Amino acid sequence: MALVSQTGSAHRIGVESVRRSGGFMAFKLCTHMESLKMKENLISASSLSYSSGNLADGLRLDSARMRSKRGGRVIVATGAPAEEATVATQPLTKEDLVAYLASGCKPKEKWRIGTEHEKFGFQIGSLRPMTYEQISGLLNGLAERFGWEKVMEGSDIIGLRQGMQGISLEPGGQFELSGAPLQTLHQTCAEVNSHLYQAKAVAEEMGIGFLGIGFQPKWRREDIPMMPKGRYKIIENYMPKVGSLGLDMMLRTCTVQVNLDFDSEADMIRKFRVGLALQPIATALFANSPFTEGKPNGYLSMRSQIWTDTDNSRTGMLPFVFDDSFGFEKYVDYALDVPMYFIYRKKKYIDCSGMSFRDFMAGKLSPVPGEFPTLSDWENHLTTIYPEVRLKRYLEMRGGDGGPWRRICALPAFWVGLLYDEVSLQNALDITADWTPEERQMLRNEVPITGLNTPFRDGLLKHVAQDVVELAKDGLKRRGFKESGFLNEVTEVARTGVTLAEKMLGLYNGKWGQNVDPVFEELLY
């Protein structure tokens, strides 16, 4: 997933207060990221890069090192996924985990935009999903022609890296660009265009096309090959135990998301709350998954609906984020109670599905008794949590369906305009301040079905969406980069209340003659 925001070694964070039950614990986050002090521990990070994760796509800190020094010991977190360099002999404390999240704070001038998007590769003639052999050929072709570095798991190529960008595979072969940390949306759109040019240059010679949609419109779950990545086998076995749609999430969904920075705990809280409250509006604006196995499925965003029955212990709207006591520590408490999937040792995944990270911190994880987690294990665990907004050392907005290229640029534009401008952020907080937990959950439940025409209070959700899109446009204008044009398409969606999903349904019932195959041409990149 996305490599978001690089923090230089001379990055100043300042002093933050991190709220604890029974008082406050001050973390002095020192002038340089190399000396993040907490109590007697020192956690330092040099050139930290963000990497978001979807479906246990272990955190890729491509140029990162996080060290925790205790009594001469050094715990190093690095790799793809994050790997242990030294087996810990002393436990991490909860304060270490809180400090890890707090280390993401950075001043506004260091804020960046990290965009990631997934797409379905398919065989032009048959429309069938790409096989792993074809994906391997595609990845090797990109490496040879455009200078990408190969990422291997054993003898299998599973991704590519180039600078701060990454290309990875989701479980069903969804082809993903994890974007570099960029300053403007113009750079984001240029990055998307460059990626699509390269991918298409290789894929078209192989008879492969790419589809921009949120849910596989034609093929059954069993028609889609599982990618040869060790973590996916563990999750594939676990998913049916905790929900009925987890395998569909793994194999048949695509998303676009953006990862954004904050400057303090208080700033994180404000952005997290706006992101959660307005995530259903983003889902509605970008709804684009109305077909399943060749027919309408009754939803405008089937991708969003699938998350409601994937694994409720690690998904959802997180109502505790709106509590007065919320902060980094509360999120750590939540994450510690999310069951584990795996740990990564000696280049192998060890199945820990359903086990407790709290037990791991006490040296009581049954597959590795007496062993304590490193920060790498914590990084990996955080990538296996999938709420509508996710916190790591940055915030991930996770509510959007995959879609055509203009929408890849529009999704980050929507959130940057709202969250990176102080006036728009405060106005969004004011709009949502009196929304109840029940109303937020109602929107989350209903939007996948009725989109912008979901009834809300005295009107429809589209009326709120129109105001919110205007806030986003105003925020982009105040940024001064002439970025507001990236919202033109979603402005029209908000004005009319007609989503891309509804347009596709109209074509299906009209000139397509109730045949879903033309969507592969309509939404072809």
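Residues numbered from 1 in each chain as written. Predicted model: local features only at pLDDT ≥ 70, side-chain atom pairs only at ≥ 80, totals over all residues. Heavy atoms only, no water.

1. Considering the pairing of strand E12 (residues 175-178)
Part 1: Here E12 shows two buried faces, one formed by Phe175 and Leu177 and the other by Glu176 and Ser178.
Part 2: Note: strand E8 (residues 113-123) against E12, four bridges, orientation antiparallel. When the bridges of E12 are listed, Lys119 appears paired with Phe175.
Part 3: Direction of pairing for strand E11 (residues 165-169) relative to E12: antiparallel, over a ladder of four bridges. When the bridges of E12 are listed, Ser168 appears paired with Glu176. (Buried < 20%, exposed > 50% of the residue type's maximum accessible area, 1.4 Å probe, protein only. Helix = DSSP H or I, 4+ residues; strand = E, 2+ residues; numbered from the N terminus. Pairing = 2+ DSSP bridges.)

2. Details of the packing of helix H6 (residues 265-285) against helix H11 (residues 405-419)
Part 1: Contact pair H6 / H11: the axes reach a minimum separation of 11 Å and the direction vectors enclose 145°. Judged by the twist between their axes, the crossing of H6 over H11 is right-handed. Across from Lys271, Val274, Gly275, Leu278, Gln279, Ile281, Ala282 and Leu285 in H6, the residues of H11 making contact are Arg407, Phe414, Trp415, Leu418 and Leu419.
Part 2: Partitioned by chemical class, the residues of the contact of H6 with H11 number nine nonpolar, two polar and two charged. (Axes fitted to C-alpha atoms, helices over the stretch in contact; angles between N-to-C directions. Left-handed = near helix turned anticlockwise from the far one by under 90°. Contact = heavy atoms within 4.5 Å. Nonpolar A, V, L, I, M, F, W, Y, C, P; charged D, E, K, R; others polar.)

3. What about the pairing of strand E14 (residues 255-260)?
Part 1: Among the six residues in E14, six count as buried, and that is most of the element.
Part 2: Of the two faces of E14, both are covered, the one formed by Thr255, Gln257 and Asn259 as well as the one formed by Val256, Val258 and Leu260.
Part 3: Pairing between E8 and E14: five bridges, direction antiparallel. Its bridge partner being in E14, His117 is matched across the sheet by Val256.

4. So, the state of the cysteines
Part 1: Evaluation of the coordinates by the stated rule reveals one disulfide.
Part 2: Here Cys189 pairs with Cys409 through a disulfide, and the sulfurs are 2.2 Å apart. The disulfide joining Cys189 to Cys409 has a torsion of about 90° about its S-S bond and is therefore right-handed. Of this pair, Cys189 sits in helix H3 (residues 185-203) while Cys409 sits in helix H11, and the two are 220 residues apart along the sequence. (Disulfide = S-S within 2.5 Å.)

5. Details of the nonpolar core
Part 1: Within the largest apolar cluster, 128 residues are counted, with the highest numbers of intra-cluster contacts made by Phe272, Tyr331, Phe414 and Trp415.
Part 2: Beyond its immediate chain neighbours, meaning those up to four positions away, Trp415 contacts Val258, Leu260, Val274, Gly275, Leu278, Gln279, Ala282, Met397 and Tyr420.
Part 3: Formed by 20 residues, the second largest nonpolar core is a distinct cluster that contains Leu127, Ala501, Trp512 and Val516. (Core = buried A, V, L, I, M, F, W, Y, C linked by side-chain atoms within 4.5 Å.)

6. Side note on the packing of aromatic side chains
Part 1: In this structure the tally under the stated criterion is 19 aromatic pairs.
Part 2: Between Phe122 and Phe520, the aromatic rings sit 5.0 Å apart at their centres with planes inclined by 70°, giving edge-to-face as the arrangement. Here Phe520 lies in helix H17 (residues 519-522) and Phe122 lies in strand E8, a separation of 398 residues in the sequence. Exposure class is identical for Phe122 and Phe520. Each is buried. (Phe/Tyr/Trp six-rings, centres within 6.5 Å; stacked < 30°, edge-to-face > 60°.)

7. Section: the side chain of Asn297
Part 1: With respect to the element layout, Asn297 can be found in the loop between strand E16 (295-296) and helix H7 (302-306).
Part 2: Within the structure, Asn297 has its side chain in polar contact with the backbone nitrogen of Tyr299 (distance 2.9 Å).
Part 3: Non-local contacts of Asn297, meaning those with residues more than four positions away in its chain, are made with Ser289, Pro290, Phe291, Thr292 and Met302. (Polar contact = N/O pair within 3.5 Å; in protein donor to acceptor, adjacent residues only side chain to side chain.)

8. A short note on helix H10 (residues 375-382)
Part 1: Extensive coverage of H10 is indicated by the burial of eight of its eight residues.
Part 2: For H10, the complete set of buried residues consists of Leu375, Ser376, Asp377, Trp378, Glu379, Asn380, His381 and Leu382.
Part 3: The distance from a side-chain oxygen at the start of H10 to the backbone nitrogen of Ser376 is 3.2 Å, and the residue carrying that oxygen is Thr374.

9. Focus: helix H13 (residues 437-450)
Part 1: The end-to-end C-alpha separation of H13 is 20 Å, in line with the 20 Å expected for 14 residues at 1.5 Å each.
Part 2: Bending of H13 peaks at approximately 25° at the position of Arg444, with proline Pro448 no more than four residues after it.
Part 3: Along H13, the residues classified as buried are Glu439, Arg440, Leu443, Arg444, Val447 and Pro448.
Part 4: Looking at the buried residues of H13, the elements they touch are H6, H7, strand E23 (455-456) and helix H14 (461-479).
Part 5: Looking one or two places after H13, you find Gly451, whose phi comes out positive at around 60°. (Expected span 1.5 Å × (residues − 1). Bend = angle between axes of the 7 residues up to and from the residue.)

10. Details of the confidence of the model for the protein
Part 1: Averaged over every residue, the pLDDT of the protein is 87; the share at 70 or more is 83%.
Part 2: The low-confidence segment residues 1-79 (pLDDT under 50) makes 303 contacts with residues lying over four places distant or belonging to another chain. (pLDDT = per-residue confidence, 0-100.)

11. Here we look at the environment of Ser484
Part 1: You can see Ser484 is positioned in the loop between H14 and helix H15 (488-496).
Part 2: Residues Ser484 and Ala472, 12 residues apart in the sequence, show an inter-C-alpha distance of 8.1 Å.

12. Topic: the packing of helix H1 (residues 94-102) against helix H8 (residues 328-336)
Part 1: Axis separation between H1 and H8 bottoms out at 9 Å; the angle between their running directions is 115°. Where H1 crosses over H8, the two elements pack in a sense that is right-handed. Between H1, through Lys94, Leu97, Val98, Leu101 and Ala102, and H8, the contact on the second element is made entirely by Phe328, Glu329, Tyr331, Val332, Asp333 and Leu336.

13. Side note on the pattern of salt bridges
Part 1: Scanning all chains against the criterion turns up 30 salt bridges.
Part 2: Among the ionic pairs, Lys94 bridges to Glu329, the shortest N-O distance being 2.9 Å. Note that Lys94 is positioned in helix H1 and Glu329 in helix H8, a separation of 235 residues in sequence.
Part 3: We classify Lys94 as partly exposed; its relative accessible area is 24%.
Part 4: For Glu483, the salt bridge is made with Arg479, and the minimal N-O distance between the two is 2.7 Å. Residue Glu483 shares its accessibility class with Arg479, and that shared class is buried.
Part 5: By sharing partners, the salt bridges in this structure join Arg128, Arg220, Glu222 and Asp223 into a single network. (Salt bridge = Lys/Arg side-chain N within 4 Å of Asp/Glu carboxyl O.)

14. Considerations on the environment of Ala277
Part 1: Residue placement: Ala277 occurs in helix H6.
Part 2: Its relative accessible area of 1% is what places Ala277 among the buried residues.
Part 3: Along the sequence, Ala277 and Leu429 sit 152 residues apart, while their C-alpha atoms lie 9.0 Å from each other.
Part 4: Ala277 has contacts with Phe322, Thr432, Trp435 and Arg440, leaving out every residue within four places of it along the chain.

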